[in-house]
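Listed here are the chains, written in short residue letters.
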Amino acid sequence: MTDDHIVKLEAVWKVYRMGRRRRIEVEALRGVDLGVARGEFLAVTGPSGSGKSTLLHLMGCLDRPTKGRVLFEGEDVSALRATALARIRNRRVGFVFQSFNLSPTLSALGNVELPMIFAGVPRRERLRRARELLARVGLTERERHLPAELSGGEQQRVAIARALANSPDLLLADEPTGNLDSETGRGVLSLLSGSNADGVTVVVVTHDPEVAGIAHRVLRIRDGRIVEDTDA
Amino acid sequence: MLDLFGIAVRGLLHRKKRSWLTIVGILIGITAVVALVSLGESMQRAVKRSFEELGYDVVMILPGELGGGFGGPGSFSTPFEIDVDALSTVEGVGEIGLLNFQSVYVKAGGKEGFLDALGVSGNIFSFFKVEMVEGRGFTEGERGAAILGREVATELGIGAGGTVLIEDRPFAVVGVYSADSRLDEDAIIIPLADLQELTGTRAVTMVLVRVAPGYDVSETAKRIEDFLRRSRGRRDLSVQTMEEVHEVVQRALGILGAFLGGIAGIALLVGGIGVMNTMYTAVLERTREIGVMKAVGARNSQIALIFLLESGLMGLAGGILGTGIGSSLNFIAVFAAKRALGTGVLEYGISWWLVLGALGFSFLVGAVAGLLPARAAARLDPVEALRYE
Ligand SMILES: Nc1ncnc2c1ncn2[C@@H]1O[C@H](COP(=O)(O)OP(=O)(O)OP(=O)(O)O)[C@@H](O)[C@H]1O
Ligand SMILES: [Mg+2]
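The rules behind the values
Residues numbered from 1 in each chain as written. Chains lettered and ligands numbered in written order. Predicted model: local features only at pLDDT ≥ 70, side-chain atom pairs only at ≥ 80, totals over all residues. Heavy atoms only, no water. Phe/Tyr/Trp six-rings, centres within 6.5 Å; stacked < 30°, edge-to-face > 60°. Buried < 20%, exposed > 50% of the residue type's maximum accessible area, 1.4 Å probe, protein only. Lys NZ or Arg CZ within 6 Å of the ring centre and 35° of its normal. Patch = residues over 30% accessible without salt bridge, like charges linked within 9 Å, V, L, I, M, F, W, Y side chains within 5 Å. Areas by Shrake-Rupley, 256 points an atom, 1.4 Å probe, with all protein chains shown as cover. Salt bridge = Lys/Arg side-chain N within 4 Å of Asp/Glu carboxyl O. Helix = DSSP H or I, 4+ residues; strand = E, 2+ residues; numbered from the N terminus. Domains from an automatic or database assignment. Near = heavy atom within 4 Å. Polar contact = N/O pair within 3.5 Å; in protein donor to acceptor, adjacent residues only side chain to side chain. 1 Å grid on protein atoms, 1.4 Å probe; cavity = no way out; pocket = protein on both sides within 12 Å on 5 of 7 lines; lining within 4 Å. Sits in = over half its atoms within 2 Å of the grid points. Nonpolar A, V, L, I, M, F, W, Y, C, P; charged D, E, K, R; others polar. Pairing = 2+ DSSP bridges. Contact = heavy atoms within 4.5 Å. Axes fitted to C-alpha atoms, helices over the stretch in contact; angles between N-to-C directions. Buried area = accessible area lost by both parts, 1.4 Å probe.

1. Examining the packing of aromatic side chains
And step 1. Inspection of the entire model under this criterion finds four aromatic pairs over all chains.
And step 2. When the centroid spacing of 5.7 Å and the interplanar angle of 5 degrees are considered together, the rings of A:Phe95 and A:Phe97 count as stacked.
And step 3. With relative accessibility at 2%, the residue A:Phe95 sits in the buried group.
And step 4. Judged by relative accessible area, A:Phe97 falls into the buried class, the value being 6%.
And step 5. Aromatic pair B:Tyr105 and B:Phe114: ring centres 5.0 Å apart, planes at 75 degrees, arrangement edge-to-face.
And step 6. Residue B:Phe114 is classed as exposed on the basis of its relative accessible area of 61%.
And step 7. Seen from the ring of A:Trp13, A:Lys67 lies directly overhead, with NZ or CZ sitting 4.7 Å from the centre.

Right, dumping it as structure tokens:
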């Protein structure tokens, strides 16, 4: 690879079609050019509906652009089949969501195991790794608990452990502290910056100035366009 | 695969009540299928046993065509006369046993009424065994003797050594028999000659011919048929080898079993639709979770497999329980039939192919019912699924 971008967007448009006969078009992203450098800690801010989540989904190979190119480690995402995208999401990317999104039927341990199950990691190795990650987020005592039996902060820590399960290169977090009080949010943030210190590229969508404060680079988007790109 | 299985099991346990209700739907279907098919098997088994007792070297002569006559004394049709001496000259014909079945008026122990009487030639017990609970069978050429069904003996309060009046003629009771596949316990057996005398006819309702050793059974049957047609000038009697009869009966029972099983299959179909409904609901409810699984890297095939396993497992659980209940019902039916109708009508047993078939089939029904929901789950767009509330 010639440049050191883990993910790169070139003139990316994302248009959602909705309504009856899918006639209504929503332009969620309108010509975004962006390179995310390896090892970077990037914060994305902007008003509601400006396209932040859409941007994150495209970076994480959860979706394909309507126009333009998304290059994940130099590879054009539009040219890849669904299975190949699933593989990238599984091995290279970790997602953390605002609403935690844990599997309600699985224990904390099971949730952390989940990406490794899909990757086909043998059980013994999986358990070892999952316990190690739960220890790292300070939830060793809670491994048997179901999500419903955990506090919001605990759930989000499980979600971070899950996102790190297959040692991703890129960690994408969509308002990870949005549903948490500031104290708990700070704990979650330090986990993210800890991962970044370990070499994981982190992109965080946030409204929280505190989060933006610890980022290397802050992106402001509005109406599907990048309106500000500042290095800290 | 094994781990996806674990996820599927968790999913089922998480919505216990609904899973169970769905399983009950399958259970009812499989119970019906297993109970009815194994009942058919029990009949076949009992029939096979009685044919084996009779022996395959026996040829039956019956009035009319086969199918209208076999199954028990009560179902014999028109009596007919036959020249036994002439029949015995046909090549290959060995021992000849004769049966006649009539209703007679019996008095004994202060009671009286009509009873079914079976007139038999003295050698009949060499063709089929009658289970004696008391006394003995007839000796060759014996007259004026009677063997009572156990129910009759109890009802009249008479055992071996007693006397009964049949059509006002005294008969010495020499034995009491218990029910089996051919005979109910509420009948009375007397020598054929006596019955013919009482009823004033020379008729019989069935002739059994044992093929002499060294002769081919079906060829001998053919010769008997030719002889009957020539000597009687018409084809009013049919000649059947045990093998033929057995085949016809087995086929009839097989068709009956398949028919009943088919009807039960409809219940299973309804159960399958229940599974499909539950799975569609599950996919809808878990849309967001499916989105998350996709976000953490589940392939579409893995998502589909999870849901297929869930529905297949519900099917299998219903299958295991249904097979258990169904074969228990069969067991109860056999037990009840023995009490009510006598031994030999049904014989308990359940074949391994029915068990394996029922289990495999129930899993299949579940999995097939889950096919479309699983496909729907696999095809969900991850972004849309994540936005789903
Ligand atoms: N799957 C979709 N179908 C239709 N429209 C969509 C879809 N996803 C997003 N949109 C629309 O695209 C625009 C951008 O949405 P997006 O979720 O990226 O915004 P956001 O910046 O994350 O907002 P928020 O801060 O509220 O989460 C919005 O107008 C939204 O309604
Ligand atoms: Mg958003």
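2. Some words on a nonpolar patch on the surface
And step 1. Where nonpolar side chains cluster on the molecular surface, the patch consists of B:Trp20, B:Leu321, B:Ile325, B:Leu329, B:Phe331, B:Ile332 and B:Tyr348 and spans about 670 Å² of accessible area.
And step 2. Here the element with the most residues in the nonpolar patch is helix α9 (residues 300-341) of chain B; it accounts for five residues.

3. A word on the domain arrangement of chain B
And step 1. The domain boundaries assigned to chain B delineate domain 1 (2-51 + 247-387) and domain 2 (65-235).
And step 2. Computed over C-alpha atoms, the centres of domain 1 of chain B and domain 2 of chain B are 49 Å apart.

4. Focus on the site of ligand 1
And step 1. Lining the immediate surroundings of ligand 1 are 16 residues, of which A:Ser48, A:Gly49, A:Lys52, A:Ser53 and A:Thr54 lie closest.
And step 2. Residue neighbours of ligand 1 fall on chains A and B, so the site bridges chains.
And step 3. Within the side chain of A:Ser48, an N or O atom sits 2.5 Å from an oxygen atom of ligand 1.
And step 4. Considered on its own, ligand 1 offers 630 Å² of accessible surface; in the complex 77% of this is hidden by protein.
And step 5. When atom positions are compared with the pocket grids, ligand 1 is found to occupy the largest pocket.
And step 6. Listed by contribution, the elements that provide at least two residues to the shell around ligand 1 are β1 (5-18), β2 (24-37) and α1 (52-59) of chain A together with α11 (382-387) of chain B.
And step 7. Of all the elements, α1(A) adds the most residues to the shell around ligand 1, at three residues.
And step 8. Across the shell around ligand 1, the residue classes tally to five nonpolar, seven polar and four charged.

5. Notes on the sheet that holds β1(A)
All names here are of chain A.
And step 1. What the four strands build is an open sheet, ordered β2-β1-β4-β5; its pairing is antiparallel. Unpaired on one side and paired on the other, β2 and β5 (75-76) mark the two borders of the sheet.
And step 2. Bridging between strand β4 (residues 67-72) and β5 involves two bridges; their strand directions are antiparallel. Pairing of phenylalanine 72 across the sheet is with glutamate 75, part of β5.
And step 3. This element, α1, spans β1, β2 and β4 of the sheet and lies at about 55 degrees to β2.

6. Examining the interface of chain B and chain A
And step 1. Facing the 22 residues of chain B at the interface are 23 residues of chain A.
And step 2. Roughly 2,100 Å² is buried in total at the junction of chain B and chain A, and carbon and sulfur atoms are behind 64% of that figure.
And step 3. Across the chain B-chain A interface, the total number found is one salt bridge.
And step 4. B:Asp3 serves as the salt-bridge partner of A:Arg126, at 2.9 Å between the closest nitrogen and oxygen.

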